[in-house]
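Structure assessment
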Amino acid sequence: MLLSSSGFLGLLTLLGAASVALGLEPQNYDFSKYHTMPEISAWMEQTKKENPDVVSTMIYGKTYEKSNITLLKIGIKSDVKKKAVWMDCGIHAREWISPAFCQYFVKEILLTYKTDTKVEEMLKNLDFYITPVLNVDGYIYSWKNSSTRLWRKSRSPGPANCTCYGTDLNRNFYANWGMVGVSRNCCSEVYNGPRALSESEAQAVTEFVLQRSTEILCFLTIHSYGQLILVPYGHPNVTAPNYDELMDVGLAAAKAIKGIHGMDYTVGSSPNVLYPNSGSSRDWARLIGIPYSFTFELRDKGQHGFELPEDQIQPTCEEAYAGVHSIITYVHDKNFNAAATIRATLWMTLLTWWLSSTSLL
Ligand SMILES: [Zn+2]
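Residues numbered from 1 in each chain as written. Predicted model: local features only at pLDDT ≥ 70, side-chain atom pairs only at ≥ 80, totals over all residues. Heavy atoms only, no water.

What follows deals with the sheet that holds strand β7 (residues 266-269). Strand order across the open sheet formed by eight strands is β1-β2-β4-β3-β5-β8-β6-β7, with mixed pairing between neighbours. The open sheet has two free edges, formed respectively by β1 (55-62) and β7, since each of these has just one partner strand. Pairs of neighbouring strands in the sheet enclose a mean axial angle of 20 degrees, with direction left out of account. The pairing of strand β6 (residues 228-231) with β7 spans four bridges and is parallel. In the strand pairing of β7, L230 is matched with G268. Running at roughly 145 degrees to strand β3 (residues 83-89), helix α3 (residues 97-112) makes contact with β1, β2 (68-74), β3, β4 (126-131), β5 (216-224) and β8 (292-298) of the sheet. (Pairing = 2+ DSSP bridges. Helix = DSSP H or I, 4+ residues; strand = E, 2+ residues; numbered from the N terminus. Axes fitted to C-alpha atoms, helices over the stretch in contact; angles between N-to-C directions. Contact = heavy atoms within 4.5 Å.)

So, in structure tokens, the structure goes:
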């Protein structure tokens, strides 16, 4: 159908008004509300369009139901060899505060890097790979109606002898798979799947991260609820070689969190502060050599559980941002300041040698 120019302009205005009404335009995007998957996808595209120099999107896998799994890559282009930080949200469908946090985090770093020299420095040295919703099928299902609101797992069908759906994606990674804290009953919330990496969502993360395993310094996976920062490992008999450092970094993050709204976050390995488990992405990341790997369990401690009221989104994200900022600052400074110190020492040595050899010293 052809439109007159005034009709065309009218249609554009109408479409614009509709997208504003849906909350799709970033300047009007309401970060204190939970958003549907189409809204989050539109927000990702818009964020890329508005920040073409620092943001790109990458589709790195498909879900069981053939939806795209998309991440935002955020970083300032640089000639130096960059490192990276991974963050995924929404691996468990019902934990809606988790995707809300990934969106808030993206908004916040894009807002602050132009004025905050520390954030700018980190974006120059690090690329951030951020997946706002990993379990896309499950997330869409949790929005379907009130009876599906508390869906946790993927949406793949169970084995032939089982009528239940879904695998717990955070029990499906290749990390002590099936050893502890899982169920072989496909109707269970912690069913770990027919085999490690049976789920396309876990495969997608595994392939993407493995290709960049020497680049990624820090792996953060965001869940709710419980107000915890979990360090590897979920198996009670295995301890990370840098456990003490991970605890120190986690405790500093919890302190930063408490400084915002006074909330207490507990730090520890899963068997010590929650329950033993296996096949988690956090454990897998540490096992393949990513030095800093943490699970965040955001608010609350059970009063509202997975159905955290929208008026708590903003404060939860503010404090979690402080916690993540604390971790990535530590990781960044340890890697880049140490390298800078070595470079400076080398230059000084060379300069001293040159000056002494030319009798100027
Ligand atoms: Zn979870």
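Now that the structure has been shown, the text picks up again.
Turning our attention to the coordination of the zinc ion. Binding of the zinc ion to the protein goes through H92 (ND1), E95 (OE), E95 (OE) and H223 (ND1), at separations of 2.1 to 2.4 Å. For the zinc ion, the four donor atoms are set out with angles of 58 to 151 degrees between them, so the coordination reads as irregular. Counting the intervening residues between successive donors of the zinc ion yields the motif H-x2-E-x127-H. Of the two residues, H92 sits in the loop between β3 and α3 while H223 sits in strand β5, which places them 131 residues apart along the sequence. As far as burial versus exposure is concerned, H92 and H223 are alike and both buried. (Donors = N, O, S within 2.8 Å, 3.2 Å for Na, K, Ca; no water. Tetrahedral: all angles 85-135°; square planar, octahedral: opposite > 155°, others 65-115°. Buried < 20%, exposed > 50% of the residue type's maximum accessible area, 1.4 Å probe, protein only.)

Here we take up the confidence of the model for the chain. For the chain, the average pLDDT comes to 91, and 86% of its residues sit at 70 or higher. Taking the mean pLDDT of every element in the chain, the minimum, 44, falls on helix α1 (residues 5-21) and the maximum, 99, on β3. Considering only residues more than four positions removed or in separate chains, one finds that residues 1-25, a stretch of pLDDT under 50, has 14 contacts. (pLDDT = per-residue confidence, 0-100.)

Pairing of β1 with β2, which is carried by seven bridges, proceeds in the antiparallel orientation. For G61, the partnering residue across the bridge sits in β2 and is I69. What sits between β1 and β2 in their antiparallel hairpin is a turn of five residues, with K66 showing a positive phi close to 70 degrees.

Turning our attention to the state of the cysteines. Using the criterion set out here, one finds three disulfides in the structure. The disulfide partner of C162 is C186, and the gap between their sulfur atoms is 1.7 Å. Around the S-S axis, the bridge from C162 to C186 shows a dihedral of about -80 degrees and counts as left-handed. Here C186 lies in the loop between α5 (136-142) and α6 (200-211) and C162 lies in the loop between α5 and α6, a separation of 24 residues in the sequence. (Disulfide = S-S within 2.5 Å.)

Think of an α-helix as turning once every 3.6 residues; residues three or four places apart then point the same way. Helix length check: α3, at 16 residues, gives a terminal C-alpha distance of 22 Å against a target of 22 Å (1.5 Å per residue), a fit within 8%. For α3, a buried count of 14 out of 16 residues is recorded, marking the element as mostly surrounded by other parts of the structure. (Expected span 1.5 Å × (residues − 1).)

Below, the discussion takes up the packing of aromatic side chains. Overall, the coordinates contain 20 aromatic pairs when judged by the stated rule. Seen from their ring centres, Y129 and F208 are 5.0 Å apart, and the 80 degrees between their planes marks the pair as edge-to-face. With a gap of 79 residues between them, Y129 in strand β4 and F208 in helix α6 connect regions that are remote in the sequence. Take F208: its relative accessible area is 5%, and that puts it in the buried class. Linked through ring pairs, Y60, W86, Y129, F208 and F219 together constitute an aromatic cluster. When the ring centre of F31 is taken as reference, the NZ or CZ atom of K107 above it lies at 5.2 Å. Note that R212 overlies the ring of F208, its terminal NZ or CZ placed 3.7 Å from the centroid. (Phe/Tyr/Trp six-rings, centres within 6.5 Å; stacked < 30°, edge-to-face > 60°. Lys NZ or Arg CZ within 6 Å of the ring centre and 35° of its normal.)

Let us now look at the pattern of salt bridges. Inspection of every chain in the model, using the stated rule, returns 14 salt bridges. With a closest N to O distance of 3.4 Å, E121 and K118 form a salt bridge. Taken together, the residues E121 and K118, both in helix α4 (residues 117-125) and three residues apart, mark about one turn of the helix. For E121, a relative accessible area of 29% puts it in the partly exposed group. For K118, a relative accessible area of 22% puts it in the partly exposed group. Among the salt bridges present, the one from K258 reaches D264, with a minimum N-O distance of 2.8 Å. Classification of K258 as partly exposed rests on a relative accessible area of 41%. (Salt bridge = Lys/Arg side-chain N within 4 Å of Asp/Glu carboxyl O.)

Here we take up the side chain of R155. As for its position among the elements, R155 is in the loop between α5 and α6. When residues no more than four places from it in sequence are discounted, the contact partners of R155 are Y64, E65, D137, G138, Y141, Y165 and G166.

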